[in-house]
Structures are given as structure tokens and as C-alpha cells.
2 protein chains.
Amino acid sequence: MIGMIAAVLTTSSFIPQIFKAYRSKRLDDLSPYLMLLFIAGASMWFIYGVFKADIIIVVANMLALAFNSTLLIMKVVYANRLEQNR
Amino acid sequence: MIGMIAAVLTTSSFIPQIFKAYRSKRLDDLSPYLMLLFIAGASMWFIYGVFKADIIIVVANMLALAFNSTLLIMKVVYANRLEQNR
């Protein structure tokens, strides 16, 4: 139960970041390594969850993967747009 | 073993963000809710780890807590500095 709340909190933490970035069209201050390392880590947690047959870990990390990939793509797209407008 | 690699990756993902912010003195594009939700989530994972007597979860989330608190404090400090310079 506490694991489920923990998973919901850490996974959902990326949602307000996505909304903020979508509004401002800026992710300059965010390090791409944050997303890259988190994507690598969440992939490992996902495999770990599959081996342990732990549905919470599997689902939480699938979502974390999706959110972080979205942020990384947004960062690249917005950075390119900024470059073109210069 | 795979859990340990996963924990190292997701926890360490905040380190490059701290370095980047330290260099640029800017965290404007980072949502404070990312840090706040992650701090709340990592606290829960920490308690979960204590109950499960899982040292990896305990240590990883202690570090994640420290890193995210550092980022949140940096964000507040840099935002105030920017405000004063206006």
C-alpha cells in the first residue's frame, strides 16, 4: 500500500513538468542527462519488476519511461525551434 | 543486482541537474512540483524500504531526497537572486 502511494508520487512528479514545459515551450534549464539517466534507470526497474512479478513497479516505470521520453522529445523540439527563431 | 543498477541510475539522474543549475544559476524551467512530488514519493519509498528491510531502496531514496531537496533550495535561492537583480 505504501509502495503504491510512493510509486504514484514519484511517477506523477513528471506530469507538472510536462505541463509547465508545454505552456512555456522552454526546457533549457533541464539537464538532458536527468531524463536520459532516468529513462535508463526506469527501464532497469521495469525489468526488475517483471522478474519480481511486481505489477506496481512494472506499471510505475512504464509510465515514468513514457513521461521522461516525452520530456526529452519536448526539450529537443523546443531547443530546435528556438535555434530557428534566432 | 538489476535492482541495484536501476536504483543507482534513477537516483544519480539528479546529479547532472544539480551541476547544470550550479553553473547556470538558473532553474526557471524546472517545475517545483517535480521536486515536491519526488520528495514526497522518495519519503514513502524510504519508509517502504525500512519496512521491507531493503537497504538498496532505503539508501537510494535517502540520496534522492537529498538531491531533490538541494534542487528545490537552489531553485528558491536563484529565483530570489534574479528578483533582486531586477
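A quick note: this is a predicted structure, and the numbers were derived from the prediction, not measured. For every chain, the first residue of the written sequence is number 1, and numbering continues from 1 onward in sequence order. Here every chain gets a letter starting at A, and every ligand a number starting at 1, in the order they are written. Predicted model: local features are reported for residues with pLDDT of at least 70 only, side-chain atom pairs are reported and counted for 80 or more only, and whole-chain, interface and lining totals are derived from all residues. Side-chain measures here rest on the full set of heavy atoms in the structure, leaving out hydrogens and waters.

Draft legend 1. Focus on the overall build of chain A. Every helix listed is a DSSP run of H or I at least four residues long, and every strand listed is a run of E at least two residues long, numbered separately from the N terminus. Looking only at helices and strands, chain A features four helices and zero strands. Start at the N end of chain A and walk to the C end: the helices and strands fall as α-α-α-α. Across its three principal axes, chain A shows a C-alpha extent of roughly 50 × 20 × 15 Å. Among the 86 residues that make up chain A, the fraction classed as buried is 44%. Contacts: residue pairs with any heavy atoms within 4.5 Å of one another. Relative to all contacts within chain A whose residues are 6 or more apart in sequence, the contacts with residues 24 or more apart total 73%. Under the scheme applied here, a residue whose accessible area is under 20% of the maximum for its type counts as buried, over 50% as exposed, and between as partly exposed, the area being computed with a 1.4 Å probe on protein chains only.

Draft legend 2. Summary view of the nonpolar core. Throughout this description, the term nonpolar core refers to a set of buried Ala, Val, Leu, Ile, Met, Phe, Trp, Tyr and Cys residues connected via side-chain atoms within 4.5 Å. Core analysis: the biggest nonpolar cluster contains 32 residues, and F14 of chain A together with F14 of chain B have the highest contact counts within it. At the level of elements, α2 (14–24), α3 (32–51) and α4 (55–85) of chain A together with α2 (14–24), α3 (32–51) and α4 (55–84) of chain B are the ones that each hand at least two residues to this core. What F14 of chain A contacts, discounting residues up to four positions off in sequence, is F38, F67, N68 and L71 of chain A together with L34 and F38 of chain B.

Draft legend 3. Structural detail: the interface of chain B and chain A. Contact residues are listed per partner, giving 31 residues for chain B and 31 residues for chain A. Accessible area that two parts lose when put together, with a 1.4 Å probe and added across both, is what the buried area reports. Summing both sides of the interface, chain B and chain A together bury roughly 3000 Å²; the carbon and sulfur share of this comes to 75%. A per-residue breakdown of the area chain B buries against chain A is headed by I2, D29 and W45 of chain B, which together make up 21% of the total. Criterion for a salt bridge: a side-chain nitrogen of Lys or Arg within 4 Å of a carboxyl oxygen of Asp or Glu. Joining chain B to chain A, the criterion identifies two salt bridges. One salt bridge connects R26 of chain A with D29 of chain B, and the closest N-O pair in it is separated by 3.4 Å. Here a polar contact is taken to be a pair of N or O atoms separated by no more than 3.5 Å, where protein atoms must pair a possible hydrogen donor with a possible acceptor and residues adjacent in sequence count only if both atoms sit in side chains. The tally of links from chain B across to chain A stands at 13 residue pairs in polar contact (both at pLDDT 80 or more). Elements with a contribution of two residues or more to the side of chain B that touches chain A: α1 (2–12), α2 and α3 of chain B. Residue contributions to the side of chain B that touches chain A peak at 11 residues, all from α3 of chain B.

Draft legend 4. Structural context of a nonpolar patch on the surface. Patches in this entry comprise residues that are over 30% relatively accessible and not in a salt bridge; like charges within 9 Å are linked, as are nonpolar side chains (Val, Leu, Ile, Met, Phe, Trp, Tyr) within 5 Å. Surface accessibility in these figures is a Shrake-Rupley result with a 1.4 Å probe; residues are shielded only by whichever protein chains are displayed. Together, M1, M4, I5 and V8 of chain A line one region of the surface with nonpolar side chains, adding up to about 420 Å² of accessible area. As for its position among the elements, M4 of chain A is in helix α1 (residues 2–12).

Any functional reading would require information beyond the geometric quantities listed.
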